[in-house]
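Single-letter residue listing:
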Amino acid sequence: MPNPALSTLDLVSLVMDSEVRPLDFAVLLRFDREIDANDLARGARSARNLYSATGCKVVDGRWSPLEPDCLEPAFRSLRQGESNGLVERFLRTPFDLASGPPLLQAWVGGVDAGTGCLVTKVHHCVADMLSVLAWIRHQLRVASDLDRPCSEPAAVVPPALAEAPPGAKRNPVWDRCAPLWTRPGQASSERRWTTCSFPHGELAGISLAESGFTFNDVLVVAALETLQEWNRIQGDNGRRVGIWLPVNIRRDAFEGFGNASSRIRVRRDYADGLDLSDMCRAVRSQVNLARERGEWVVPQRTLLTGIPVRFSASLARAYLNRPWADMGSAAFSHVQKWPGQDDPVFAGLQELGVLGAMHRRHALIFAAVSLGDQTWMTITYDPALLWPEDVAVIRDRYLSTVRAASRGL
């Protein structure tokens, strides 16, 4: 049986990877308890079998199973007291997809017994955030003896994608959003991050039917207002900002492992001075229109289809980086509802961080995940373009907008 081909979305992540903007991301789960590293390794082996693309290398645009000895180093147990910066160095090490797996993990035990951080580093060519959360959940359930381990590799079956409407266009308008103000200089491959959390309280219960918008719309508005205000205080009162927003395009919302997240553009095109509810409804109108028009469409045939990747990659990069395409001022994502978020294996989390993958036009990305009664927000940024004090201002502005929404909606 031939090795399965990467999907269109997988291939896009593969060819758009670069030294300056690596297309990998990471999930950092900091527990208030210590978990046995051998149990975690056992759970990881099971997850690689169940989601078998994570136990493969990439050869000529196809998934090729790795030998077992190549997979053993994919999970490592470290001790924070051994040296400083263990997590940072682990995350900074680039993937070698031609000879190693696209998902690597480290369990970093705390200096004090009874704590630890599970770091899952993933190349975007193999999975989106929903899929990685499913992978980690299975690992933790097997490690906790709640699920039986998967002992044999399953077939690689990418998620079935929704059908786009006729005439769908990925970038229906030519007007680009304002860039985010940054410090002078060139983009770097360094990524730093800061994670915060806030109780979402009644915001999570906002009903589209009753209010005309959702909790996610509130968080999108907070991002738009934050970015616009950041540009304003830097003296830029010109064009309106926008964000690059992911949409889940699975035919069935949570079925299938792999990449099934596309992007749409949401712009701050509403008038100044609106109250927060009307801002949220304006954003919801944009999202609905983008969905109806199929702005999220993923073509079945692309420059990558039927041509060896080594020949088509440069053409694909030129097309995907076309200057008139609008990727917004920054990227934003929020996983609000996902299978397993109430699973007891996630109990006792002290922190949930997401180190995001940035587009070459962006200096930062907001990535949020809701779990229990908290929403965890991580801002990943390029320190060559934004300084820690800049990001602190952006973070505080974002949180103050969310707190105002919580009081006023």
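If you're wondering where the values come from, they're calculated on a predicted model, not measured in any experiment.

Criteria and cut-off values
- Residues numbered from 1 in each chain as written.
- Predicted model: local features only at pLDDT ≥ 70, side-chain atom pairs only at ≥ 80, totals over all residues.
- Heavy atoms only, no water.
- Salt bridge = Lys/Arg side-chain N within 4 Å of Asp/Glu carboxyl O.
- Helix = DSSP H or I, 4+ residues; strand = E, 2+ residues; numbered from the N terminus.
- Buried < 20%, exposed > 50% of the residue type's maximum accessible area, 1.4 Å probe, protein only.
- Pairing = 2+ DSSP bridges.
- Axes fitted to C-alpha atoms, helices over the stretch in contact; angles between N-to-C directions.
- Contact = heavy atoms within 4.5 Å.
- Phe/Tyr/Trp six-rings, centres within 6.5 Å; stacked < 30°, edge-to-face > 60°.

Caption draft 1: Structural context of the pattern of salt bridges. Under the definition given, this model contains 19 salt bridges. We note a salt bridge from Glu295 to Arg265, for which the minimum N-O separation is 3.3 Å. Here the residue Glu295 occupies a position in the loop between helix 8 (276–293) and helix 9 (309–320), and Arg265 occupies one in strand 9 (residues 261–267), the gap between them amounting to 30 residues. Comparing Glu295 with Arg265 shows no difference in burial state: the two are buried. Through salt bridges with shared partners, a single network forms among Arg137, Arg141, Asp147 and Asp343.

Caption draft 2: A look at the environment of Pro166. Within the secondary structure, Pro166 is located in the loop between helix 5 (129–143) and strand 7 (192–199). Given a relative accessible area of 85%, Pro166 falls into the exposed group. Separated by 72 residues in the primary sequence, Pro166 and Gly238 place their C-alpha atoms 35 Å from one another.

Caption draft 3: Local environment of the sheet that holds strand 6 (residues 116–123). Across the sheet, which stays open at both edges, the five strands sit in the order 4-5-6-1-11 with mixed pairing between neighbours. Both outer strands of the open sheet, strand 4 (75–79) and strand 11 (349–355), are each paired with one neighbouring strand and no more. Here the strands of the sheet are splayed against their neighbours by 15 degrees on average, with no regard to which way each runs. As paired strands, strand 5 (residues 103–109) and strand 6 are joined by seven bridges and run antiparallel to one another. Opposite Val108, over in strand 6, you have Cys117 as the bridge partner. Strand contacts of helix 5: strand 1 (24–31), strand 4, strand 5, strand 6 and strand 11, with the helix running at about 40 degrees to strand 1, the strand carrying the most contacts.

Caption draft 4: Highlighting the packing of aromatic side chains. Inspection of every chain in the model, using the stated rule, returns six aromatic pairs. Judged by centre distance (4.5 Å) and plane angle (20 degrees), the ring pair of Tyr51 and Phe257 falls under stacked. With a gap of 206 residues between them, Tyr51 in the loop between helix 2 (37–50) and strand 2 (56–59) and Phe257 in the loop between strand 8 (242–248) and strand 9 connect regions that are remote in the sequence. On the basis of relative accessible area, Tyr51 is assigned to the buried category, the value being 18%. Measuring from ring centre to ring centre gives 5.4 Å for Trp338 and Phe346, while their planes differ by 80 degrees; the resulting arrangement is edge-to-face. The same class applies to Trp338 as to Phe346, namely buried. These aromatic residues form a ring-pair network of at least three members: Phe332, Phe366 and Tyr398.

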